[in-house]
Amino acid sequence: DKSGADGITFDGKGSLYTRRGLEAKWRQHLNGLGITAAPGQRVRDLPAIVVFYYVLALNLFLGTAYQSVLRWLLCGLQWLGAGTFRVCGKGSLSRARQRLGEEPMRRCFEQLSLPLCERALSGSYWKRWHVVAMDGSTFALQDTVSNEEAFGRSSNQNGKAAYPLARFVVLV
């Protein structure tokens, strides 16, 4: 995405959005995750959308105290002009996370955990498996004539290795 100082954003596909249009699109996405305020539900210090962002932020800052993560998040949201929020106590954070529940996080995972490539892209799939990473290694085998014939021995400037080596590559 490319955004200008005037609040107009291009999504790279030729679509044009204003800031208000992006906010509406994001809110529509969040509604799809089940993060909405029911009619008649009281407005809390930590709305469900803020708690959703908070749970995501907790996963980014694993070694940081919960209230510190919340403080950073709320400062960022206030800086963006999303409103003013209060830092609450540990008990309130726990209850807010329980109110949010697992459903929005599950839906978010289901919607966003898709391969970032197409099957037609060369090298992105091997047979039916989506290639994320490849890693290779070796391990020493028993020193037998049949293993040496099948796998060979590695060598360097000092000569051959003491044991035959099996080489393998793993798709992750």
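Located above this text is the structure these notes cover.
For the structure given in this document, a descriptive report is provided here.

Cut-offs and rules
Residues numbered from 1 in each chain as written. Predicted model: local features only at pLDDT ≥ 70, side-chain atom pairs only at ≥ 80, totals over all residues. Heavy atoms only, no water. Core = buried A, V, L, I, M, F, W, Y, C linked by side-chain atoms within 4.5 Å. Buried < 20%, exposed > 50% of the residue type's maximum accessible area, 1.4 Å probe, protein only. Helix = DSSP H or I, 4+ residues; strand = E, 2+ residues; numbered from the N terminus. Patch = residues over 30% accessible without salt bridge, like charges linked within 9 Å, V, L, I, M, F, W, Y side chains within 5 Å. Areas by Shrake-Rupley, 256 points an atom, 1.4 Å probe, with all protein chains shown as cover. Salt bridge = Lys/Arg side-chain N within 4 Å of Asp/Glu carboxyl O.

### A short note on the nonpolar core
Then, number 1: Leu46, Val50, Tyr54, Leu70 and Leu74 are the most contacted members of the largest nonpolar core, which totals 19 residues.
Then, number 2: No other element matches the seven residues that helix H2 (residues 48-60) contributes to this core.

### Re a nonpolar patch on the surface
Then, number 1: On the surface, a nonpolar cluster with roughly 550 Å² of combined accessible area is contributed by Trp126, Trp129, Met134, Val169 and Leu171.
Then, number 2: Mapped onto the secondary structure, Leu171 falls in strand S9 (residues 165-171).
Then, number 3: In this structure Leu171 comes out as partly exposed when scored by relative accessible area, which is 33%.

### Comments concerning the pattern of salt bridges
Then, number 1: For the coordinates displayed, the defined rule picks out five salt bridges.
Then, number 2: Note that Arg106 is salt-bridged to Glu103, the shortest N-O span being 2.3 Å. Of the two residues, Arg106 and Glu103 are both situated in helix H5 (residues 103-112); the distance of three residues between them amounts to about one turn of the helix.
Then, number 3: Accessibility expressed as a relative area gives 34% for Arg106, which makes it partly exposed.
Then, number 4: As a salt-bridge pair, Glu148 and Arg153 come within 3.1 Å of each other at their nearest N and O atoms.
Then, number 5: What emerges from the salt-bridge pattern is a single network uniting Glu103, Arg106, Arg107 and Glu110.

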